[in-house]
Amino acid sequence: MKIQINGRWYEAREGEMVLDVLRREGIDVPALCAHEAVEPYGACRLCMVEITHEDWGGWKGNVTSCLYPVEDKLIVQTHTEDIIELRKTVLNLLLARCPNSPEIQKLASEYGIDTTSFVPREDADNCIMCGLCTRVCTQMGFNAISVAGRGYGREIATPLKEAPPDCVGCLACVKICPTHHIQYEDIGTTREIWGRQFELVKCKQCGKALITREFADYLIENRDIPADYFDICDDCKRSGTARDFKKLVHWEEKEEAEEEVSA
Amino acid sequence: MKIDSPDKLNAWKEECLQKDAKLKKKVMVCFGPGCLAAGCREIYAKFEEILAERKLGDITLESFKKTGCHGLCEKGPLVVIEPEGIFYNRVRTSQVKDIVEKTLAKGEIIERLLYKNPKTKERVLKYHDIDFYKKQTRLALRNLGHIDPDNIEDYVMRDGYQSVAKVLTGMTPEEVIDEVKLSGIRGRGGGGFPAGRKWATCRGVESDVRYVICNGDEGDPGAFMDRSIMEGDPHSVLEGMIVASYAVGARDAYIYVREEYPLAVQHLYQAIDDAKEHGFLGENIMGTDFSLDIHISRGGGAFVCGESSALMKSVAGEVGEPRAKYIHSVVKGLWDKPTVLNNVETFANIPLIMNKGGDWFRSIGTEKSTGTKAFSLVGKVENTGLIEVPMGTTLREIIYDIGGGIKDGRKFKAVQTGGPSGGCLPEDKLDLPVDFDTLTKAGSMMGSGGMIVMDDHTCMVDVAKYFLKFLVDESCGKDVPCREGLYQLHKMVVKVTEGKASEADLQLMEHLSKYIIMGSLCGLGKSGPNPFLSTVRYFRDEYLAHIIDKKCPGGVCRDLIRFEINDKCTGCTACIAPCPVDAITGEKDKIHILDQEKCTKCGACYAVCQFDAIDII
Amino acid sequence: MKPEIDVAELKEIISHSPQKPSSLIAVLQDIQRKFHYLPPEAIKETSSALGVPLSQVYSVATFYSAFSLEPRGKHTCRICMGTACHIKGAPMALEQAEDQLGIKAGQTTPDLRFTLEVVNCVGACAMAPVVIIDEKYYGNVRVDKMKRYLDGVRDED
């Protein structure tokens, strides 16, 4: 099927969301809570676009492109005056929530906002409540963290605000966080995240810390990975292969030399 | 006893009527929310106590009924003696003995317990003759105050479950839906979506399973209609749900009711048990192959669960967080199955529509808003209570004829409808007919039926602040415009009430409101700025008075007012003790002195002064 | 000062509902009704009994206003903040109660004597503003009356 974006026609596939097409085609629409690893959520509202269709009798609407499924001949406008104003308002509000976040500052400034018009949050941190961390945690099957409370006081928390028993220290939450708010620390062979400490599995050859024991065990048990897979790190595995390869090459060289000698 | 045919139901009804006719008198003690608060339990207990000691001829304990809300909460606790309809109000436990000895034993009327018409000052004997009741049309509230909600026989006697018999044994689901469509009934939960169309869509979706849900999560502060129906006439809700389930093809239905309404939960459980016992629920209802179970889902207290997608998540035991509804819940709802969701009042109307026909229903009300609407009429009005009027009745008729006008002869300022998502309408809108479309056009909405009357002692900025605070607390917090936007909007309204805002702030507030509406995910956010927008639309002067003159015309915002004692003070000392900070001093018969430094502007002195000697400046 | 929780009793309460995830809210309500709050043990027991991840139980427990994760006071003072009560002066009564008890709405005094709550409309609008102390309703509450009522409860103890 085809959809029209800002006057040009693009290919789209059944089951895709409008944002998927926008991203594939490199059309610049901001989105902070959408990530290909997780289901769309519709929380940040930045990816809103205006849609209409020739069959809709002139009806137009604003929808979150991350949640709106494509349909043939859908007509999308990504930068109407109202949409731009909405994004400005959202960024203005996010800047009040997270005044110190470089990512938010940068995005806001792209929309011409350098300081917030609103009251900045006291004790502000860099969490924009996009929920990517909790969603990826659920997606991974761990459910270690979740949203707690509601309204303005809503927060990302571990159960009972204690060290989360279901966390395996996989760092998916850290990696997906768009504002780099979630912190962790690896000291020697220990990883600390969400107030919990994990022992790291060391490479048997080079001794480098690889992965938490819990995460390794989980992967071995659930993802059909060989039990010895995490004994050696990828680098050592690669250099091991190289050594083997070298041996093979050298062996051929040796053979050749011997042949020459015999000749 | 299983009632498995219309004939059996009619025979049972006959039996119930005969049994009832044997009760020479019935004493209805109102157990509505207002009367409960006013102490009706003690009244009832006193009747029991006296009856235990004393024989009263034909009148036994069976004659005493705990009913649902009778309506005129203002005058509670209420005791009504049928069949005459003798209406005793503000009854005290000490007066119960008199009621037994005089009225019940000898048929004497106790004058001082009768309702007094505030205009004519005359006592009125029967409730039918009280203006408050005379001007109402009670359909959804038809049984409230007239039956014992825990007694299924009371319900059957008043045509209970007749529509189930009629529909299941004589109509196809399509015919039922057509009748509902014909009636024109629109959902009473707020939005006003035509119920018949919703049912038809649900039935039309290809699916092995469909659900019906009754929304009893009335979360509006200042509204108690649905609660009163669930408490006072639970079977009518079940009956409507049975008809709906048959029409759409549901095998299981749910009632989502607040845990904070324990009496509603209790009566619904009882009603479901009784309905099951008599075969109105369960397998093969009315001897047909239609089967249905109704389950109770107790809500945990979250206003956002009024939003259908949030409510369905809550029924499934999850956090009530709405999702984007590009696919409607009627297509993909509870557990992703097609689901019909209507509210309590809508379901309570269904049996009547089935029994009397869609044409009859649409003859009441207006063309586009058919039937009646129940309201909880509260605030600064003489007759606070639960009312029901035909759609199209004007606000003025409701407030002045039924409500008896503004309390203490003060001046009307605004009426708020639609709860936190609604708005405030000023005096020049009083002649608007109350229907879905007119209220929306005027910048408010029907909502589920809270109607709060405000007098000149109300500050409209303060009202906006109040509703915004409510919404900030109740937003689920999922999306940015609702979570952050309403929070900031509330902060700015607070700034206005403190006299610290500028006109530029007002513009920013209007701009922000526009984009909260456009950007929010669900109805809570989309209508969230309404309390601000409707007040600023009709009462802009009041905002400007706070901003420019640093005055609060309503005399409410404490940063902008002060209390002063004027020379009408008689020196009665009545205001001295109530002051919690001892700011008032003075001797008897001398004008008292108010220490502005100490005064916290709590208004306690103002409330007790009998001589208008305290000014709010 | 958290009260001791009988885990057997907890299990007994949980067992009343079908042991499936959709029972979560009902189970937590039953526990809340019994203990007047959700002890940590309850969150954990419910999670394992119903097969709902601990994080989801916590999420639900903190989302709905019916639940409290803190122990409640011996007495509960509930101030109705319905619209009718608001315009008739409930905020003043609330402020008085907050000052007098030294806590904010939703909190419990450190001595576990009082819990102060605001509720949205109890349907007693005719008596607005309404305050409910330990199930007893007080109508037309002014600041001075509020003070008296709370003092009265203290004196009884």
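Cut-offs applied
Residues numbered from 1 in each chain as written. Chains lettered and ligands numbered in written order. Predicted model: local features only at pLDDT ≥ 70, side-chain atom pairs only at ≥ 80, totals over all residues. Helix = DSSP H or I, 4+ residues; strand = E, 2+ residues; numbered from the N terminus. Rg over C-alpha atoms; globule rule 2.2 N^0.38 Å. Buried ≥ 20, exposed ≤ 12 C-beta atoms within 10 Å, placed from the backbone. Domains from an automatic or database assignment. Contact = placed C-beta atoms within 7 Å. Nonpolar A, V, L, I, M, F, W, Y, C, P; charged D, E, K, R; others polar. Pairing = 2+ DSSP bridges. Axes fitted to C-alpha atoms, helices over the stretch in contact; angles between N-to-C directions. Parallel < 35°, antiparallel > 145°, perpendicular 65-115°, else oblique. Left-handed = near helix turned anticlockwise from the far one by under 90°.

## Brief notes about the overall build of chain A
Then step 1. Counting secondary structure elements, chain A contains seven helices and 11 strands.
Then step 2. Computed over C-alpha atoms, the radius of gyration of chain A comes to 25 Å, more than 25% over the 18 Å expected from 2.2 N^0.38 for 263 residues, which places it beyond the range of a compact globule.
Then step 3. Projected onto its principal axes, the C-alpha positions of chain A cover 90 × 50 × 35 Å.
Then step 4. Considering chain A as a whole, with its 263 residues, one finds that 37% of them fall into the buried category.

## A word on the domain arrangement of chain A
For interface size, the figure often reported is the accessible area lost on association.
Residues and elements named next belong to chain A.
Then step 1. Domain annotation for chain A reports domain 1 (2–79) and domain 2 (132–232).
Then step 2. The distance between the C-alpha centroids of domain 1 and domain 2 comes to 33 Å.
Then step 3. In this complex, domain 1 contributes seven residues to the contact, which on the side of domain 2 involves six residues.
Then step 4. Grouping the amino acids of the side of domain 1 that touches domain 2 by side-chain chemistry returns five nonpolar, one polar and one charged.

## What about the interface of chain A and chain B?
Then step 1. On the side of chain B, 24 residues touch chain A, which itself brings 27 residues to the contact.
Then step 2. The set of elements that each furnish at least two residues to the side of chain A that touches chain B consists of strand S4 (61–64) and helix H2 (81–97) of chain A.
Then step 3. When residues of the side of chain A that touches chain B are assigned to their parent elements, the largest contribution, nine residues, is made by H2 of chain A.
Then step 4. Considering only residue class, the side of chain A that touches chain B consists of 15 nonpolar, six polar and six charged.

## Re the pairing of strand S5 (residues 74–77) of chain A
Residue and element names in this part refer to chain A.
Then step 1. Burial of the side chains of S5 is restricted to one face: Leu74 and Val76 are buried, whereas none of Ile75 and Gln77 on the reverse face is.
Then step 2. Bridging between strand S1 (residues 2–5) and S5 involves two bridges; their strand directions are parallel. In the sheet register, Gln4 faces S5, and the bridge partner there is Ile75.
Then step 3. With four bridges connecting them, strand S3 (residues 48–53) and S5 associate as antiparallel partners.

## Side note on the environment of Pro129 of chain C
All names here are of chain C.
Then step 1. Within the secondary structure, Pro129 sits in the loop between strand S2 (114–119) and strand S3 (131–133).
Then step 2. Pro129 sits 24 residues away from Val153 along the chain, and the two C-alpha atoms are 19 Å apart.
Then step 3. Other than its neighbours up to four places away in sequence, Pro129 contacts Cys80, Cys85, Lys88, Gly89, Ala90, Ala93 and Val141.

## A word on the interface of chain B and chain C
Then step 1. The interface of chain B with chain C comprises 43 residues on the first partner and 37 residues on the second.
Then step 2. Counting residues per element, the ones that place at least two in the side of chain B that touches chain C are helix H2 (33–38), strand S11 (372–379), strand S15 (450–455), helix H18 (460–474) and helix H24 (604–608) of chain B.
Then step 3. The element contributing the most residues to the side of chain B that touches chain C is H2 of chain B, with four residues.

## Thoughts on the domain arrangement of chain C
Then step 1. Here the domain parsing of chain C yields domain 1 (7–63) and domain 2 (75–156).
Then step 2. Using only C-alpha atoms to locate each centre, domain 1 of chain C and domain 2 of chain C end up separated by 29 Å.

## As for the sheet that holds strand S1 (residues 26–30) of chain B
Residue and element names in this part refer to chain B.
Then step 1. The strand order across the open sheet formed by four strands is S2-S1-S3-S4, and the pairing between neighbours is mixed. Taken across any chain shown, the strands that pair with only one partner, and hence form the sheet edges, are strand S2 (64–67) and strand S4 (86–88). Adjacent strand axes in the sheet meet at a mean angle of 20°, parallel and antiparallel pairs treated alike.
Then step 2. Sheet topology places strand S3 (residues 79–82) next to S4; three bridges connect them, and they run antiparallel. Bridge pairing in S4 links Val79 to Tyr88.

## Some points on helix H23 (residues 540–549) of chain B
An α-helix turns once every 3.6 residues. As a result, residues three or four positions apart point the same way.
Residues and elements named next belong to chain B.
Then step 1. For H23, the set of buried residues is Glu542, Tyr543, Ala545, His546 and Ile547.
Then step 2. Check the buried side of H23 and you find it contacts H18, helix H19 (480–497), helix H20 (503–519) and helix H22 (530–538).
Then step 3. At the C-terminal side of H23, Lys550 shows a positive phi close to 55°.

## Topic: the packing of H2 of chain A against helix H3 (residues 102–110) of chain A
All names here are of chain A.
Then step 1. Look at H2 against H3: their axes get within 10 Å of each other, and the N-to-C directions meet at 150°. Between H2 and H3, the crossing angle belongs to the class labelled roughly antiparallel. Classified by chirality, the crossing of H3 by H2 is left-handed. Contact with H2, carried on its side by Leu91, Leu94 and Leu95, involves Ile104, Leu107 and Ala108 of H3 and no other residues of that element.
Then step 2. Taken together, the residues of the contact of H2 with H3 break down into six nonpolar, no polar and no charged.

## Remarks on the packing of H2 of chain A against H19 of chain B
Then step 1. Packing of H2 of chain A against H19 of chain B brings their axes to within 10 Å, and their N-to-C directions diverge by 70°. Considered as vectors, H2 of chain A and H19 of chain B are oriented roughly perpendicular to each other. The two elements H2 of chain A and H19 of chain B meet at a crossing, and its hand is left-handed. Contact residues: Val90, Leu93, Leu94, Ala96 and Arg97 of chain A in H2 of chain A; Val480, Pro481, Glu484, Gly485 and Gln488 of chain B in H19 of chain B.
Then step 2. In the contact of H2 of chain A with H19 of chain B, the residues fall into six nonpolar, two polar and two charged.

## Here we look at the sheet that holds strand S10 (residues 339–343) of chain B
Strand pairing within a sheet occurs via backbone hydrogen bonds; the two strands may be parallel or antiparallel.
Residue and element names in this part refer to chain B.
Then step 1. Taking strand neighbours across the sheet as the criterion, the four strands line up as S9-S8-S7-S10 in an open arrangement whose pairing is parallel. Taken across any chain shown, the strands that pair with only one partner, and hence form the sheet edges, are strand S9 (293–299) and S10. Between one strand axis and the next, the sheet turns by 20° as a mean value, whatever way the strands run.
Then step 2. In terms of strand pairing, strand S8 (residues 252–258) meets S9 through seven bridges, oriented parallel. What sits directly across from Ala253, in S9, is Ile294.
Then step 3. Relative to S9, helix H12 (residues 262–277) is tilted by about 170°, and along the sheet it contacts strand S7 (211–216), S8 and S9.

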